[in-house]
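Here's the letter readout for the chains.
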There are 2 protein chains.
Amino acid sequence: MNFELITTDTHSKARAGKITTDHGEIATPIFMPVGTVGSVKAVTQEQLRDAVQAQIILGNTYHLYLRPGLEVLSKAGGLHKFNGWNRPILTDSGGYQVFSLAANRKIKEEGVVFQSHIDGSRHLFTPENVMDIQRTIGADIIMAFDECPPYPSEYRYARKSMDLTHRWLDRCIQRLKDTQPAYGHEQTLFPIVQGSTYKDLRKASAEYIAGRGCAGNAIGGLSVGEPEQEMYEMCGLVCEILPTEKPRYLMGVGTPWNILENIALGVDMFDCVMPTRNGRNGMLFTWNGVINIKNKKWATDFTPIDEHSACFATRDYTKAYLRHLFVAGEILGMTLASIHNLAFYLELVTEARKQILQGTFASWKASMVNQLKTRL
Amino acid sequence: MNFELITTDTHSKARAGKITTDHGEIATPIFMPVGTVGSVKAVTQEQLRDAVQAQIILGNTYHLYLRPGLEVLSKAGGLHKFNGWNRPILTDSGGYQVFSLAANRKIKEEGVVFQSHIDGSRHLFTPENVMDIQRTIGADIIMAFDECPPYPSEYRYARKSMDLTHRWLDRCIQRLKDTQPAYGHEQTLFPIVQGSTYKDLRKASAEYIAGRGCAGNAIGGLSVGEPEQEMYEMCGLVCEILPTEKPRYLMGVGTPWNILENIALGVDMFDCVMPTRNGRNGMLFTWNGVINIKNKKWATDFTPIDEHSACFATRDYTKAYLRHLFVAGEILGMTLASIHNLAFYLELVTEARKQILQGTFASWKASMVNQLKTRL
């Protein structure tokens, strides 16, 4: 994997760059749609490529390990072949899901013992076997195994958890040195900065992570319930420490305005379930603000969902029709809302990149944030 | 509407033809995907046009009348504008749904009083207002208001019901004479043959319907639980009586082999929820036979769903991936299965038409029927 930093904004820390992987290029800043179980929910791979114009998607190691499981993924020749998405893929480490979804999890130095949320079966995730699992899934970018402490966490716990995450990172790095990619293409490890909302811990973690010399770095443990200002403060502090010549990935963030604010702090990569999950509940993000499409006010509004978008789901269907689909409980409503929201998120980062390249990002961002938050 | 009968098979009653409407042409025999509430479930209009290659879709008057309702449909400029499908649309009369879905229905000479299955509200359907409702929906082909008796029905009831359907038909015809299309394009009425499974009633009904001189004719009340042989017998008897120079539409039928057998009897048009409803439950129809994609045997089958199909949903995804989507409860599974099944149904009637045109339909049909029924 190669990262080329093309330009940095003069009025903010925003950056435009380009990541090159064996499955193709990614223009940054980028938003990565989440394909939890090997499918971005309610969207076909063709729609993801042509309508959303996604450049990279995410897979969740925890989910894929449980279903379809490693035997199927291995026989398929990895996730790219299994789901037919031949552009870059990133997998998380399963750490976050083990803490948010699994039952009876128990953290030890060795790793985490947990029970599947599907059938209650017992499993062990260690830094080593999580690297092996991600080898088998075959993503282009793979994440270190970490513990993501909840918000709020006590200082003692946050520090202990951060230290464990750092020790686990060293074991991940060693395991990758000892093993080879399963399918020939390169797999690049991103370590994860933790430290909850404590500045000194975030600083220590960022320095530790930066010191590992990995090709890209991630910021975890944010957007887990803390106030937005605290997220921005932690993210800004960490971005100051992480090396400029490597991509920075802020995990699990967020709203359109969160994304613009964090781009301004120097983040290059984002993922979030919000455009799909909220989309399936009828919440639409647009250039004019936020729409609850179930609202009666849209019943006879025969204008497109967003007149500024080129996406077919946005352009070819009216608000009145989409509202009808949600009121009638039609699956097509979830599909169209998901495609619209994802296409909007991709348009948002594409436009941000354009503004960075032409030196107008900071003022553009300032004018956009309130607009994007408006409830229509 | 115009119907051109291009050829009739020499070894069966199968016909190839062409229907021309103000929204475009339909090559017959044709299968019409069912878009109950203005959406073919889980499929976008783009997929319906490009992947399924649907030429005409159905809307259900009962559902559309309740949701989104006539005010919205009228303001939208009709269903074509509302859902963005600009090819031909056919609407049923609501008769079948009133009897199968609504609560506390009461049949009188005037019409049917019923309660909505959604909110229990009381409504009255009469031949006259059902014509008015279909004017407002704006379909190209509209159906007469009929009573569809259940199977089995006693002879007395079936005859009484048939007579009522005939009297209602005359009121439908009169109402259409007294009113104009709402949006400028032509709307063509198809009357419906009833008579349960009684030969003399079917004969009497077909003669009555044929005598009305409508531009196309439909056969209702079949595929409601009767044995397949009885369906074929009734359908064959009716097709002998209905005029050859007008299209014949067999309502609500059926499996792929049902469709081939009824084409052989002289039917030109079909609709059925089977490809979408069964698809959403993991049942796939292919040129090789029927697949239950949830079955464990497909877990590591990395071949396409059907190697004989050109549809992307069929060609670009493997059986193993589709099985995984169903096991994991992913919406994408329902979407891909629906698109695959609909594309297959359209391929089936397209191939049947080709065989009719080249004079090989009867032998081809004989060789296909058992193949299509095979459980894979």
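The name given to chain A in an unreviewed UniProt entry is Queuine tRNA-ribosyltransferase, with Chitinophaga terrae as the source organism. In its Subunit (unreviewed entry) section, the UniProt entry covering chain A states "Homodimer. Within each dimer, one monomer is responsible for RNA recognition and catalysis, while the other monomer binds to the replacement base PreQ1." The record held by UniProt for chain A lists under Catalytic activity (unreviewed entry) the comment "7-aminomethyl-7-carbaguanine + guanosine(34) in tRNA = 7-aminomethyl-7-carbaguanosine(34) in tRNA + guanine".

Attention now goes to the overall build of chain A. For chain A, the count of helices and strands is 15 helices and 17 strands. For a compact globule of 376 residues, the expected C-alpha radius of gyration is about 21 Å, and chain A comes in at 20 Å, within 12% of that figure. Once the C-alpha set of chain A is aligned to its principal axes, its extents read approximately 60 × 45 × 40 Å. For chain A, the proportion of its 376 residues judged to be buried stands at 62%. Excluding contacts between residues fewer than 6 apart, the proportion of contacts in chain A whose partners are at least 24 apart in sequence is 69%. Surface summary for chain A: the accessible area is close to 13500 Å², and the carbon and sulfur share equals 48%. Side-chain charges in chain A split into 40 positive and 39 negative, and the spacing between the mean points of these groups amounts to 3 Å.

Here we take up the relation of the copies chain B and chain A. Note on the identical chains: chain B maps onto chain A by a rotation of 180° and an axial translation of 0.0 Å, with an RMSD of 0.0 Å. Those values place the two copies in the arrangement expected of a two-fold rotation axis. Interface residue correspondence from chain B to chain A reaches 100%, placing this contact among same-surface, isologous pairings.

Okay, the sheet that holds strand S5 (residues 57–59) of chain B next. The pairing of strands in a sheet happens through backbone hydrogen bonds and is either parallel or antiparallel. Residue and element names in this part refer to chain B. Taken in spatial order, the 4 strands line up as S5-S6-S10-S11 in an open sheet, and their pairing is parallel. With one partner strand each, in any of the chains shown, S5 and strand S11 (188–190) form the two edges of the open sheet. Each adjacent strand pair in this sheet contributes to an overall mean axis angle of 25°, direction not counted. Across the face of the sheet, helix H6 (residues 127–137) comes into contact with strand S6 (89–91), strand S10 (141–143) and S11 while running at roughly 155° to S10.

Let's shift gears to the sheet that holds strand S14 (residues 248–250) of chain A. Residues and elements named next belong to chain A. Taken in spatial order, the 5 strands make up an open sheet running S4-S15-S14-S13-S12, and their pairing is parallel. Unpaired on one side and paired on the other, strand S4 (30–32) and strand S12 (192–193) mark the two borders of the sheet. In this sheet, S14 lies alongside strand S13 (residues 217–219) in parallel orientation, the contact comprising 3 bridges. Residue pairing across strands places Ile 219 opposite Leu 250, the latter belonging to S14. Its contacts with the sheet place helix H9 (residues 228–241) against S12, S13 and S14, and it is angled at close to 160° to S13.

The subject of this paragraph is the interface of chain B and chain A. Listed per partner, the contact involves 37 residues of chain B and 37 residues of chain A. For the chain B and chain A pair, buried surface summed over both sides reaches about 3000 Å², with 63% attributable to carbon and sulfur atoms. When the shortest N-O distance is used, the salt bridge between Glu 330 of chain A and Lys 41 of chain B registers 2.4 Å. Applying the counting rule to chain B against chain A returns 14 residue pairs in polar contact (both at pLDDT 80 or more).

Before going further, it helps to spend a moment on the UniProt feature "domain: tRNA-guanine(15) transglycosylase-like" (unreviewed entry) in chain A. Sites flagged by UniProt as "domain: tRNA-guanine(15) transglycosylase-like" (unreviewed entry) map to residues 12–372 of chain A. With 44% helix and 16% strand, the stretch residues 12–372 of chain A has end C-alpha atoms that lie 20 Å from each other.

Here the focus is helix H14 (residues 331–357) of chain A. All names here are of chain A. Over its 27 residues, H14 extends 39 Å from the first C-alpha to the last, a length consistent with the 39 Å expected when each residue adds 1.5 Å. For H14, a buried count of 22 out of 27 residues is recorded, marking the element as mostly surrounded by other parts of the structure. Just past H14, the residue Gly 359 takes up positive phi, approximately 75°.

Below, the discussion takes up the nonpolar core. Formed by 239 residues in total, the largest nonpolar core has its most connected members in Leu 189, Tyr 249 and Ile 263 of chain A together with Leu 189, Tyr 249 and Ile 263 of chain B. In this view, Ile 263 of chain A contacts Lys 13, Ala 14, Arg 15, Pro 29, Phe 270, Val 349, Ala 352, Ile 356 and Phe 361 of chain A; residues no more than four positions away in its chain are not counted.

All names here are of chain A. Within this structure's numbering, the places UniProt gives as "binding site: substrate" (unreviewed entry) are Asp 92, Ser 93, Gly 94, Gly 95, Tyr 96, Asp 146, Gln 194 and Gly 221. Tracing the backbone through its elements, the reader meets Gly 95 in helix H5 (residues 95–100). When its relative accessible area of 0% is taken as the criterion, Gly 95 is described as buried. If we ignore the near neighbours within four places in the chain, the residues touching Gly 95 are Phe 145 and Asp 146. Mapped onto the elements, Tyr 96 comes out in helix H5. A residue is classified by how much of its surface remains accessible, and Tyr 96, at 44% relative accessible area, is partly exposed. In contact with Tyr 96, other than residues within four places in its own chain, are Cys 148 and Val 224.

One pass over the structure, following the stated rule, counts 34 salt bridges over all chains. In this structure, Lys 199 of chain A engages Glu 233 of chain A in a salt bridge whose closest nitrogen and oxygen atoms are separated by 2.9 Å. One end of the pair, Lys 199 of chain A, is in helix H8 (residues 199–211); the other, Glu 233 of chain A, is in helix H9, and 34 residues separate them in sequence. The partly exposed category is assigned to Lys 199 of chain A, whose relative accessible area is 47%. Here Lys 354 of chain B makes a salt bridge to Glu 351 of chain B, at a shortest N to O gap of 3.7 Å. Here the residue Lys 354 of chain B and the residue Glu 351 of chain B both occupy positions in helix H14 (residues 331–357), the gap between them amounting to 3 residues, near one helical turn. Bridged by salt links that share partners, the residues Glu 4, Lys 18 and Glu 25 of chain A form one connected network.

Moving on to the side chain of Arg 135 of chain A. Residues and elements named next belong to chain A. Mapping Arg 135 onto the fold places it in helix H6 (residues 127–137). One buried charged residue, Arg 135, forms no salt bridge at all, with the nearest opposite charge on Asp 132 at 6.2 Å. From its side chain, Arg 135 meets the backbone oxygen of Gln 180 in a polar contact 3.3 Å long. A distance of 3.3 Å separates the side chain of Arg 135 from the side chain of Gln 187, its partner in a polar contact.

For the rest of this paragraph, the subject is the pairing of strand S1 (residues 2–8) of chain A. All names here are of chain A. When S1 meets strand S2 (residues 15–21), the two strands line up antiparallel, connected through 6 bridges. Of the residues in S2, the one forming a bridge with Thr 7 is Ala 16. Here S1 folds back onto S2 in antiparallel fashion, the turn holding 6 residues.

Before going further, it helps to spend a moment on the environment of Glu 347 of chain B. Residues and elements named next belong to chain B. Mapped onto the secondary structure, Glu 347 falls in helix H14. Distance in space between the C-alpha atoms of Glu 347 and Thr 8 is 20 Å, their sequence separation being 339 residues. A distance of 2.8 Å separates a polar atom in the side chain of Glu 347 from a polar atom in the side chain of Ser 309.

Time to look at the environment of Ile 142 of chain A. Residue and element names in this part refer to chain A. Position of Ile 142 among the secondary structure elements: in strand S10 (residues 141–143). Judged by relative accessible area, Ile 142 falls into the buried class, the value being 0%. Taking the C-alpha atoms as reference, Ile 142 lies 8.7 Å from Ile 89; in sequence the two are 53 residues apart. Aside from chain neighbours lying at most four places away, what touches Ile 142 is Thr 91, Met 131, Gln 134, Leu 176, Gln 187, Thr 188, Leu 189 and Phe 190.

Turning to the packing of helix H9 (residues 228–241) of chain B against helix H10 (residues 256–264) of chain B, a few remarks are in order. All names here are of chain B. The N-to-C vectors of H9 and H10 enclose an angle of 30°; their axes lie 10 Å apart at closest approach. If you check the angle between H9 and H10, you find them roughly parallel. Between H9 and H10 lies a crossing whose hand is right-handed. Two secondary-structure elements touch here, H9 through Glu 228, Met 231, Tyr 232 and Cys 235 and H10 through Trp 257, Asn 258, Glu 261 and Asn 262. When its residues are assigned to classes, the contact of H9 with H10 shows 4 nonpolar, 2 polar and 2 charged.

Rules used in this analysis
Residues numbered from 1 in each chain as written. Chains lettered and ligands numbered in written order. Predicted model: local features only at pLDDT ≥ 70, side-chain atom pairs only at ≥ 80, totals over all residues. Heavy atoms only, no water. UniProt positions renumbered as here; feature names shortened; annotations may be inferred. Helix = DSSP H or I, 4+ residues; strand = E, 2+ residues; numbered from the N terminus. Rg over C-alpha atoms; globule rule 2.2 N^0.38 Å. Buried < 20%, exposed > 50% of the residue type's maximum accessible area, 1.4 Å probe, protein only. Contact = heavy atoms within 4.5 Å. Areas by Shrake-Rupley, 256 points an atom, 1.4 Å probe, with all protein chains shown as cover. Lys, Arg positive; Asp, Glu negative; His and termini not counted. Charge placed at Lys NZ, Arg CZ, Asp CG, Glu CD. Least-squares fit on C-alpha atoms with pLDDT ≥ 70 in both. Pairing = 2+ DSSP bridges. Axes fitted to C-alpha atoms, helices over the stretch in contact; angles between N-to-C directions. Buried area = accessible area lost by both parts, 1.4 Å probe. Salt bridge = Lys/Arg side-chain N within 4 Å of Asp/Glu carboxyl O. Polar contact = N/O pair within 3.5 Å; in protein donor to acceptor, adjacent residues only side chain to side chain. Expected span 1.5 Å × (residues − 1). Core = buried A, V, L, I, M, F, W, Y, C linked by side-chain atoms within 4.5 Å. Parallel < 35°, antiparallel > 145°, perpendicular 65-115°, else oblique. Left-handed = near helix turned anticlockwise from the far one by under 90°. Nonpolar A, V, L, I, M, F, W, Y, C, P; charged D, E, K, R; others polar.

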